[in-house]
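Close look at the chain arrangement
Okay, here's what each chain looks like letter by letter:
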Amino acid sequence: ATATATIIPRTYFSSVSAPPAQQVDVFPSIVIHSTLNAQINDNNGLQPQGSFAEAQAAFLNPPKETIRSLLGQLLKHNIGIVAHYYMDVELQGILHGVKRLQMDLLNRQQQQQQQQQQ
């Protein structure tokens, strides 16, 4: 006679939860609305949920006045910024915004020069 053993896995559920410092009320996420909704929403269509997502949204949508002011000071004093990748996400967003604005201004200047030459 041959005996066949079947192993049935047992799952035990525990009522123990994560420590209070590791518990979150909302799963960190960013809800992106359509273009139509983005015009209504102050955050350009981004709806961050949770503190980590709020920091990420700040990176994606930094204050435009801060960007213009920083770029103005950099141009006025003829200086640049060398930044480390481990800096605060809000600062990363502002510096990225300065770079985008600077590139936009440069492109506009080049287009104007090309139009004047024609």
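Regarding the overall build of the protein chain
Each helix and strand counted, the protein chain has four helices and two strands in total. Listed by position from the N terminus, the elements making up the protein chain come as β-α-β-α-α-α. Across the 118 residues of the protein chain, 13% fall into the buried class. Here the protein chain displays about 10,300 Å² of accessible surface, and carbon together with sulfur accounts for 54% of that area.

Points about unusual backbone geometry
Even without being glycine, Asn78 reaches a positive phi, approximately 55°. Among the structural elements, Asn78 can be located in the loop between helix H3 (64-77) and helix H4 (89-117). Looking at Asn78, the relative accessible area reads 71%, which means it is exposed.

Some remarks on the environment of Met87
Within the element layout of this structure, Met87 appears in the loop between H3 and H4. For Met87, a relative accessible area of 22% puts it in the partly exposed group. Ignoring sequence-local partners within four residues, the contact set of Met87 consists of Gln92 and Leu95.

Re the confidence of the model for the protein chain
Taken as a whole, the protein chain shows an average pLDDT of 78; of its residues, 73% reach a score of 70 or greater. At the level of individual helices and strands, the protein chain shows its lowest average pLDDT in helix H1 (residues 35-40), which scores 52, and its highest in H3, which scores 94.

Description of the packing of helix H2 (residues 51-60) against H4
The interhelical angle for the contact between H2 and H4, taken along N-to-C directions, is 15°, at an axis separation of 7 Å. By the angle between their directions, the pair H2 and H4 is classed as roughly parallel. Crossing hand, H2 versus H4: right-handed. For the pair H2 and H4, the contacting residues are Ala55, Gln56, Ala58 and Phe59 in the first and Val89, Glu90, Gln92 and Gly93 in the second.

Re H4
Its 29 residues place the ends of H4 42 Å apart at the C-alpha level, agreeing with the 42 Å of an ideal helix rising 1.5 Å per residue. Three or more residues of H4 are buried, namely Gly93, Ile94, Leu95, Gly97 and Val98. Check the buried side of H4 and you find it contacts H2 and H3.

Concerning the environment of Gly93
Along the chain, Gly93 turns up in helix H4. Gly93 sits in the buried class, given a relative accessible area of 1%. For the pair Gly93 and Ala55, spaced 38 residues apart in the sequence, the C-alpha separation amounts to 9.8 Å.

Conventions used here
Residues numbered from 1 in each chain as written. Predicted model: local features only at pLDDT ≥ 70, side-chain atom pairs only at ≥ 80, totals over all residues. Heavy atoms only, no water. Helix = DSSP H or I, 4+ residues; strand = E, 2+ residues; numbered from the N terminus. Buried < 20%, exposed > 50% of the residue type's maximum accessible area, 1.4 Å probe, protein only. Areas by Shrake-Rupley, 256 points an atom, 1.4 Å probe, with all protein chains shown as cover. Contact = heavy atoms within 4.5 Å. pLDDT = per-residue confidence, 0-100. Axes fitted to C-alpha atoms, helices over the stretch in contact; angles between N-to-C directions. Parallel < 35°, antiparallel > 145°, perpendicular 65-115°, else oblique. Left-handed = near helix turned anticlockwise from the far one by under 90°. Expected span 1.5 Å × (residues − 1).

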